[in-house]
Amino acid sequence: MINYEQIKKRLVLALDVEKIEEAKDLVEKLSPYIGTFKVGLQLFCGFGLEIINYIKEKNANFFLDVKLHDIPNTVEKASYNIVKNGANFFNVHATGGIEMMKAAKKGAIEASEKFGHKKPIILAVTVLTSISNEILQNELENKCRTKDFVLKLARNAKLAGLDGVVASAQELPLIKKELGEDFIVLTPGIRPSWTAKDDQKRIATPANALKDGADYIVLGRAITKADDIIEAIKKVYEEIKENK
Ligand code: C5P
């Protein structure tokens, strides 16, 4: 039987909204139910540290979803600053290479030691879900099949010492099988049984993604666009409890 704290720890909410007031309202209302709030490029480029500081005031974790991809030195220094600002999670593109991923880890560890922050979870993004087989093979002239490329990049991330990857529910079982149970998988594209799919294709319900081994699941519009967000998040808890 999974309890409230165990569910809360695994839930990540994507704050994909335009206005800072909207983001703050979501954090305020949902922090009793959500372990980690994900701040992406839209919000971070618009409002920078303001939203991050607000999340920290509410004693929630924050995930800076900025997908770093640059030369190792730049990524090391950016990672240092991300962790200095208290990020509990952040991510980098695995296509930046092993040296770049190691540099991210080096910068992150240096900052966590210097500022006494908990070591962050660093995740790699493998192949974006917006990149189809067609784009990968023809436009980018990468002759691998997407699935093989995802696995290769996940292995590189592990070799570089990163903690895990972001992967859809479809890739989740394979990644756990190939990379091991301890290699963290954070899964977006989550849709409770009672919500719309929106533009997501490789979806899973919260309960199924957790059953397949997801360590963290990302909830977005299923909650943020619900008529009653509290009722919606409570229904997610129920669905997980009933099916786990
Ligand atoms: O609203 P929805 O549940 O679709 O939001 C999913 C979140 O997860 C968004 O922030 C999206 O950018 C992110 N994401 C994704 N697919 C990936 C990686 C990240 O949907 N492969």
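The structure reproduced in this document is the subject of the present report. Just so we're clear, the structure is a prediction, and the values are computed from it rather than from any experiment.

1. So, the overall build of the protein chain
The helix and strand inventory of the protein chain stands at 12 helices and eight strands. Radius of gyration (C-alpha) of the protein chain: 17 Å, near the 18 Å computed for a compact globule of 244 residues. If you line up the protein chain on its principal axes, its C-alpha atoms span 45 × 40 × 35 Å. Residues classed as buried in the protein chain amount to 50% of the 244 residues present. At a minimum sequence separation of 6, the contacts of the protein chain that also span at least 24 residues come to 67%. Carbon and sulfur atoms form 49% of the exposed surface of the protein chain, whose accessible area is close to 12,000 Å².

2. Brief notes about helix α8 (residues 146–159)
Here α8 is 14 residues long and its end C-alpha atoms lie 20 Å apart, about the 20 Å a rise of 1.5 Å per residue gives. Residues of α8 that are buried include every one of Thr146, Phe149, Val150, Leu151, Leu153, Ala154, Asn156 and Ala157, and no others. Contact partners of the buried residues in α8: α6 (98–115), β5 (121–125), α7 (133–139), β6 (164–166) and α9 (172–179).

3. Quick look at helix α4 (residues 49–57)
If you check which residues of α4 are buried, you get Ile51, Ile52, Tyr54 and Ile55. Down the axis of α4, the smallest arc covering the buried residues is 160 degrees, so these residues share one side. Buried-residue contacts for α4 involve α2 (20–30), β2 (36–40), α3 (41–47) and β3 (61–68). Two residues or fewer after α4 comes Asn59, characterised by a positive phi angle close to 60 degrees.

4. With respect to the sheet that holds β2
If you walk around this closed barrel you meet the eight strands as β1-β2-β3-β4-β5-β6-β7-β8, and the pairing is parallel. Ignoring which end each strand starts from, the neighbouring axes of this sheet average 25 degrees apart. Sheet analysis places β6 next to strand β7 (residues 184–187), joined by three bridges and oriented parallel. Looking at the pairing, Val166 lines up with Leu186 of β7. Sheet strands touched by α9: β6 and β7. Its angle to β7, the strand with the most contacts, is close to 170 degrees.

Conventions and cut-offs
Residues numbered from 1 in each chain as written. Predicted model: local features only at pLDDT ≥ 70, side-chain atom pairs only at ≥ 80, totals over all residues. Heavy atoms only, no water. Helix = DSSP H or I, 4+ residues; strand = E, 2+ residues; numbered from the N terminus. Rg over C-alpha atoms; globule rule 2.2 N^0.38 Å. Buried < 20%, exposed > 50% of the residue type's maximum accessible area, 1.4 Å probe, protein only. Contact = heavy atoms within 4.5 Å. Areas by Shrake-Rupley, 256 points an atom, 1.4 Å probe, with all protein chains shown as cover. Expected span 1.5 Å × (residues − 1). Arc of directions from axis to C-beta. Pairing = 2+ DSSP bridges. Axes fitted to C-alpha atoms, helices over the stretch in contact; angles between N-to-C directions.

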